[in-house]
Structures are given as C-alpha cells and as structure tokens.
Amino acid sequence: MVPARFAHILFGLILSGLMSCIVSGISTLRAIGLPPGFVGQWMGSWITAWAVAFPTVLVVAPVTRRLVARLTRP
C-alpha cells in the first residue's frame with residue numbers, strides 16, 4: 001500500500017496514464033488507421049504522451065483546484 005501522503009501523486013500517475021492511453025490511441029488510430037503493428041505504434045505514442053502528461057497533471061492540478069474553488073459556491 002502507498003502512504004496517504006502520496007495520494008495526490010498516485011492519483012496523477014493513474015489519471016495521466018489512463019487519459020494519455022485513451023487519447024494517444026484515438027490520435028494514433030486517426031493518424032495511421034488500423035494497419036498491422038498498430039498496437040506497437042500506439043504504445044510508443046502512449047509512452048511519449050505519458051511522459052509529458054504525468055508532470056503536467058502534477059503541476060496543473062493545484063491550479064485547476066483553485067480555479068474550480070473560485071467558480072463554485074461553497
């Protein structure tokens with residue numbers, strides 16, 4: 001189990017992994033169609049996207065939380 005103090009990092013890791021997997025899959029499919037080797041192309045795109053998405057989520061999440069807090073009522 002992961003200590004609770006690392007929950008925000010684990011959340012960012014899982015969220016960025018899932019989202020980048022889905023988005024890179026759709027983008028790869030639209031770009032190259034469904035040829036042989038599609039999964040390999042997709043996984044290559046996913047790893048690159050995840051490498052960008054994970055640190056981005058960690059940086060952007062606190063800003064997003066503050067923005068949402070300002071836009072919503074208590």
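In this report, we go over the structure that sits alongside the text. (Residues numbered from 1 in each chain as written. Predicted model: local features only at pLDDT ≥ 70, side-chain atom pairs only at ≥ 80, totals over all residues. Heavy atoms only, no water.)

1. Focus on the packing of aromatic side chains
Note the threshold: Ring pairs are drawn from Phe, Tyr and Trp, using the six-membered ring of Trp, whenever the two centres fall within 6.5 Å, and their geometry is named by plane angle: stacked under 30 degrees, edge-to-face over 60, tilted for the rest. Runs of H or I in DSSP of at least four residues are treated as helices and runs of E of at least two as strands, each being numbered from the N terminus. The buried label applies to any residue whose accessible area, calculated with a 1.4 Å probe on protein chains only, is under 20% of its type's maximum; exposed applies above 50%, and partly exposed to all values in between.
For the structure shown, the criterion picks out two aromatic pairs. Measuring from centroid to centroid gives 5.8 Å for Phe38 and Trp42, while their planes differ by 45°, and the two rings are tilted. Of this pair, Phe38 and Trp42 both sit in helix H2 (residues 38-71), four residues apart, roughly one helical turn. Phe38 gets classed as buried once you look at its relative accessible area, which sits at 10%. By relative accessible area, Trp42 is classed as partly exposed at 23%. Summarising the aromatic geometry, the rings of Trp46 and Trp50 are spaced 5.2 Å apart at their centres and angled 10° between planes, so their arrangement reads as stacked. Linking Trp46 with Trp50, this pair stays in helix H2, spanning four residues, or about one helical turn.

2. As for a nonpolar patch on the surface
Condition: Only residues whose relative accessible area exceeds 30% and that take part in no salt bridge are eligible for patches, with like-charged residues grouped when within 9 Å of each other and nonpolar side chains (Val, Leu, Ile, Met, Phe, Trp, Tyr) grouped when within 5 Å. Each accessible area value is a Shrake-Rupley result obtained with a 1.4 Å probe; residue values ignore everything except the protein chains displayed when judging cover. Put simply, a salt bridge is a Lys or Arg side-chain nitrogen that is within 4 Å of an Asp or Glu carboxyl oxygen.
Together, Val2, Phe6, Ile9, Leu10, Leu13, Ile14, Leu18, Leu58, Val59 and Val60 give the surface a local cluster of nonpolar side chains, amounting to about 800 Å² of exposed area. When residues of the nonpolar patch are traced back to their parent elements, those giving at least two are helix H1 (7-32) and H2. At five residues, the largest contribution of residues to the nonpolar patch is made by H1. When you line up the elements, Leu18 lands in helix H1.

3. Quick word on H2
Using the following cut-off: Multiply 1.5 Å by the residue count of a helix minus one, and that product is the helix's expected span. Bend is the name given here to the angle between axes fitted to two runs of seven residues, the run ending at a residue and the run starting at it. Any two residues having at least one pair of non-hydrogen atoms within 4.5 Å are treated as being in contact.
Across its 34 residues, H2 extends only 42 Å between first and last C-alpha, which sits more than 12% below the 50 Å expected from 1.5 Å per residue. When the local axis directions of H2 are compared, the greatest deviation, roughly 35°, occurs at Val60, which is followed within four positions by the proline Pro62. Inspection of H2 places Phe38, Trp46 and Ala53 among the buried residues, and these make up the whole buried set. Looking at the buried positions of H2, the neighbouring elements they touch are H1.

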